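Structure assessment
For reference, the chains in residue letters:
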Amino acid sequence: MSQDSAAVLDAVRALLPALRERVADAEAQRKVPESSIKDLAATGFFRLLQPRRFGGYAADPTLFYDAVHEIAEACGSTGWVASVVGVHPWHVALFDPRAQAEVWGEDGERADTRISSSYAPTGRVTVVDGGFRISGRWHFSSGCDHCEWALLGGLVTDAEGRPVDMRTFLLPRHAYTIDDVWDTVGLRGTGSNDVVVDDVFVPEHRALSFGPVTALDVPGHAVNPEPVYKLPYASVFTTTISAPITGIARGAYASYVHATRERIRVSYGTKVAEDPFAQVRIARAGSEIDAAWLLLRRNIAELYALAERGEPLPLELRGRTRRDQVLATERCTSAVDLLMENAGGNAMRIGGNAVQRAWRDCHTGRGHAANDPERALMMHGQITLGLEIQDTML
């Protein structure tokens, strides 16, 4: 961990009280307040995974996830957006160097440029001379109102309409519109709106195929030698989804414990803190949240240590990373369920109850495609049994 990147984490921690104060504003606005984005940008957080040649830190990813975990503990929606938007510089660093320079400037003069995404291939892609033309609507682009570029997924087809490639297309803000459709129960402040594209040309160098990404052999490696860019896409991006959920659960746990110390159960006139069943729930929930976070962080740390040494990344470790990532979300959601079941009737009131908000946020985050437990657990079982794996999300 460099001294500079460690200072970013310290600055993020100093910002946490302000983020807590803006939780209600995030939910009311249905997006993270502009002040929170500006404050996070001032800490250097959004540049943690950005290449050094473009003004970033190319930091140890565990530091990035530490920051996400703590931001999400303060405000779930802000933690989610910070994680998702914060990881995109890592992805852009894999693109053709020309695309990187378009985003950040040849000398990094636009180092604070932010990028949103919607990776599901829901649009229409046509191959043309020099690149592609794309159209369509992409959903769930978290934090898109605060970003100047977007990464959009799309299937490339042959003359008969058969899919032959899946690519990520990089578009500047003037090439798309944002449709304000985000109005949800959980993660309400993430502003995960739709991105709409109407017949836009994307040059070849701004369209990255998933084949080279999965093979860990991409154009960006020619200019970005830092070890963080040698990590598997699936490990980085799925951890990006589960890390804020672990932080949200940790915040719910802290709030529940604080409230339970003084809470009186009306039906019995006794302190809830003296209830042995509440005590057991606290122990179970705390252990599940700890296990989720510790396993998540351990796997990324091991992958990064191998990348630093230039050693191969074993399939077994990549499979374990996916296994523990989906189970982290499952563990945290179940833990918050335990707490919510024992939080009392007041927790169900519309308003500022932190456990209820975390309960809503965890269940909404659980619905993300990265949190499909059966798919990830099946892959891990197949790897353990020595079977062949055909899955790009590994």
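Note that the structure is predicted; figures quoted are calculated from it, not measured.

1. Side note on the sheet that holds strand S2 (residues 124-128)
Pairing is antiparallel across the open sheet formed by four strands, whose spatial order is S2-S3-S7-S6. The strands lining the two open edges of the sheet, one partner per strand, are S2 and strand S6 (177-179). Along the sheet, successive strands turn relative to each other by an average axial angle of 15 degrees, direction set aside. As judged from the five bridges shared by S2 and strand S3 (residues 131-141), these two strands associate in the antiparallel manner.

2. A word on the side chain of Arg322
The residue Arg322 is located in helix H10 (residues 315-341) in this model. Of the side chains bearing the opposite charge, Asp391 lies closest to the buried Arg322, which forms no salt bridge; the N-O distance is 6.1 Å. Only 2.5 Å separates the side chain of Arg322 from the side chain of Gln325, close enough to count as a polar contact. In this structure Arg322 touches Ala234, Thr238, Ala370, Ala376, Met379, Met393 and Leu394, once residues within four positions along its chain are discounted.

3. With respect to unusual backbone geometry
One non-glycine residue, Phe140, adopts positive backbone phi at about 60 degrees. Relative to the elements of secondary structure, Phe140 occurs in strand S3.

4. A short note on the pairing of S3
Two successive antiparallel strands, S2 and S3, enclose a turn made up of two residues, where Gly130 displays a positive phi of approximately 80 degrees. Looking at chain direction, S3 and strand S7 (residues 193-203) are connected through eight bridges and run antiparallel. Bridge pairing in S7 links Arg133 to Phe201.

5. A closer look at the layout of surface pockets
Within this model, the largest pocket holds a volume of roughly 950 Å³. Surrounding the largest pocket, 35 residues form its lining, Tyr119, Ala120, His368, Ala369 and Ala370 being those nearest its centre. At five residues, helix H8 (residues 233-260) tops the list of elements feeding residues into the lining of the largest pocket. Its residues placed into classes, the lining of the largest pocket shows 16 nonpolar, 16 polar and three charged.

6. Topic: empty space enclosed by the protein
The full count for this structure, using the stated rule, is three cavities of 30 Å³ or more. When its volume is computed, the largest cavity comes out at roughly 40 Å³. Here the residues of the lining of the largest cavity sort into four nonpolar, three polar and three charged. Estimated volume of the second largest cavity: approximately 40 Å³. Lining the second largest cavity are Trp90, Leu94, Val213, Leu216, Val218, His221, Tyr229, Lys230, Leu231 and Tyr233.

7. A look at the environment of Glu388
Of note, Glu388 is situated in the segment after helix H12 (373-384). Sequence separation between Glu388 and Ser287 is 101 residues; the distance between their C-alpha atoms is 34 Å. Within the local environment of Glu388, its side chain forms a polar contact with the side chain of Gln390, the two groups lying 2.7 Å apart.

8. Considering the packing of aromatic side chains
All chains considered together, the criterion is met by 11 aromatic pairs. Both rings, one in Phe54 and one in Trp104, keep their centres 5.3 Å apart while their planes meet at 40 degrees; by these two values the pair is tilted. Separated by 50 residues along the polypeptide, Phe54 in the loop between helix H3 (34-43) and helix H4 (61-74) and Trp104 in helix H6 (residues 97-104) bring together distant segments of the chain. Like Trp104, Phe54 is buried. With a centroid separation of 5.2 Å and an interplanar angle of 80 degrees, the aromatic rings of Phe210 and Tyr233 are classed as edge-to-face. Within this pair, whereas Phe210 is found in helix H7 (residues 210-214), its partner Tyr233 is found in helix H8, the two being separated by 23 residues in sequence.

9. Thoughts on the packing of H10 against helix H11 (residues 354-366)
Their axes nearest at 9 Å, the elements H10 and H11 cross at an angle of 150 degrees. In terms of axis orientation, H10 runs roughly antiparallel to H11. Crossing handedness for the pair H10 and H11: left-handed. Here Thr329, Thr333, Val336, Asp337, Leu339 and Met340 of H10 lie close against H11, whose contacting residues are Val355, Gln356, Ala358, Trp359, Cys362, His363 and Arg366.

Reading the values: the criteria
Residues numbered from 1 in each chain as written. Predicted model: local features only at pLDDT ≥ 70, side-chain atom pairs only at ≥ 80, totals over all residues. Heavy atoms only, no water. Pairing = 2+ DSSP bridges. Helix = DSSP H or I, 4+ residues; strand = E, 2+ residues; numbered from the N terminus. Axes fitted to C-alpha atoms, helices over the stretch in contact; angles between N-to-C directions. Buried < 20%, exposed > 50% of the residue type's maximum accessible area, 1.4 Å probe, protein only. Lys, Arg positive; Asp, Glu negative; His and termini not counted. Salt bridge = Lys/Arg side-chain N within 4 Å of Asp/Glu carboxyl O. Polar contact = N/O pair within 3.5 Å; in protein donor to acceptor, adjacent residues only side chain to side chain. Contact = heavy atoms within 4.5 Å. 1 Å grid on protein atoms, 1.4 Å probe; cavity = no way out; pocket = protein on both sides within 12 Å on 5 of 7 lines; lining within 4 Å. Points joined across faces, edges and corners; volume = space filled by probe spheres on them. Nonpolar A, V, L, I, M, F, W, Y, C, P; charged D, E, K, R; others polar. Phe/Tyr/Trp six-rings, centres within 6.5 Å; stacked < 30°, edge-to-face > 60°. Parallel < 35°, antiparallel > 145°, perpendicular 65-115°, else oblique. Left-handed = near helix turned anticlockwise from the far one by under 90°.

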